[in-house]
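# Secondary and tertiary structure notes
Spelled out, the chains give:
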Amino acid sequence: MSKLQEILDFNKSFVEDKEYDKYITSKEPNKKLVVLSCMDTRLTELLPKALNLKNGDAKFVKNAGASIMHPFGSIIRSIVVAVYEFEADEVLVIGHHGCGMSNLNVDKTIEKIISRGVSKDVITTLNNAGIDIKKWLHGFDSVEESIKESVGLIKNHPLIPKDLIVHGLIIDPKTGKLEIVVNGYK
Ligand code: ZN
């Protein structure tokens, strides 16, 4: 059975059995929180459980490494919308130990891209067009520094109000224990 079919079969009984009932909520985040975190599979359920965040409590924004790649990219856009349209007043940037984006071997990733059939010329063309693929793929050397950078980017963004509180945290992907990197109240 395909993955999609498996999902559709499950989904059918999920809806029929009204399993959704316990998740019904509104689109405004009850706790007025935005959480920017990593797409790491270990955090999918662990992170909200470890922070006591239930359906309806927070807006979750995720990507590889919980890092903000561009001041006008989709992450900042999501935060801006959450702040102005959904009244979020605090942001938690949550990185984690053992992140796949920490010390990512970019040369190996490019090798994999080429071995999957993408022509070397494509990489060259993109590089010539000013898109530095290595820089674009590169994660970070230190999770603390990456979190501080993201917090700074949000705090100093021209479209972000000065009273928005932005915290930086690291979560242990095994135990869920949080460490504070930036306390947004200070
Ligand atoms: Zn990660």
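Residues numbered from 1 in each chain as written. Predicted model: local features only at pLDDT ≥ 70, side-chain atom pairs only at ≥ 80, totals over all residues. Heavy atoms only, no water.

## Let's talk about the domain arrangement of the protein
Definition in use: Source of the domain bounds: an automatic or database domain assignment.
What the domain assignment lists for the protein is domain 1 (27-97 + 143-186) and domain 2 (105-138). Just the C-alpha atoms count here: the centres of domain 1 and domain 2 sit 29 Å apart.

## What to know about the coordination of the zinc ion
Short version of the rule: Donor atoms: N, O and S within 2.8 Å of the metal, or within 3.2 Å for Na, K and Ca. Because water is excluded, sites can look incomplete. Burial status follows relative accessibility: with a 1.4 Å probe on protein chains alone, a residue under 20% of its type maximum counts as buried, one over 50% as exposed, and anything between as partly exposed.
Within the protein, the zinc ion binds to C38 (SG), H96 (NE2) and C99 (SG); these donor distances fall in the range 2.0 to 2.2 Å. Linear spacing of the donor residues for the zinc ion on their chain is C-x57-H-x2-C. The exposure class assigned to H96 is buried, which follows from its relative accessible area of 2%. For C99, a relative accessible area of 7% puts it in the buried group.

## Quick notes on the side chain of E90
Basically, it comes down to this: A run of H or I in DSSP counts as a helix once it spans at least four residues, and a run of E counts as a strand once it spans at least two, with each numbered from the N terminus. This count recognises Lys and Arg as positive and Asp and Glu as negative, with His and chain-terminal groups excluded. Take a side-chain nitrogen of Lys or Arg and a carboxyl oxygen of Asp or Glu: if they are within 4 Å of each other, that pair is a salt bridge. Side-chain atoms alone can form a polar contact between residues adjacent in sequence; in general such a contact is a pair of N or O atoms within 3.5 Å, and within protein one must be able to donate a hydrogen while the other accepts it. Only heavy atoms enter the contact rule, under which two residues are in contact if any of them lie within 4.5 Å.
Relative to the assigned elements, E90 resides in strand β3 (residues 90-96). Of the side chains with opposite charge, K155 lies nearest to the buried E90, which makes no salt bridge, at 10 Å. Reaching out from E90, the side chain makes a polar contact with the side chain of H167 at a distance of 2.8 Å. Among all residues touching E90, those that are not within four sequence positions of it are K32, L33, V34, L164, I165, H167 and Y185.

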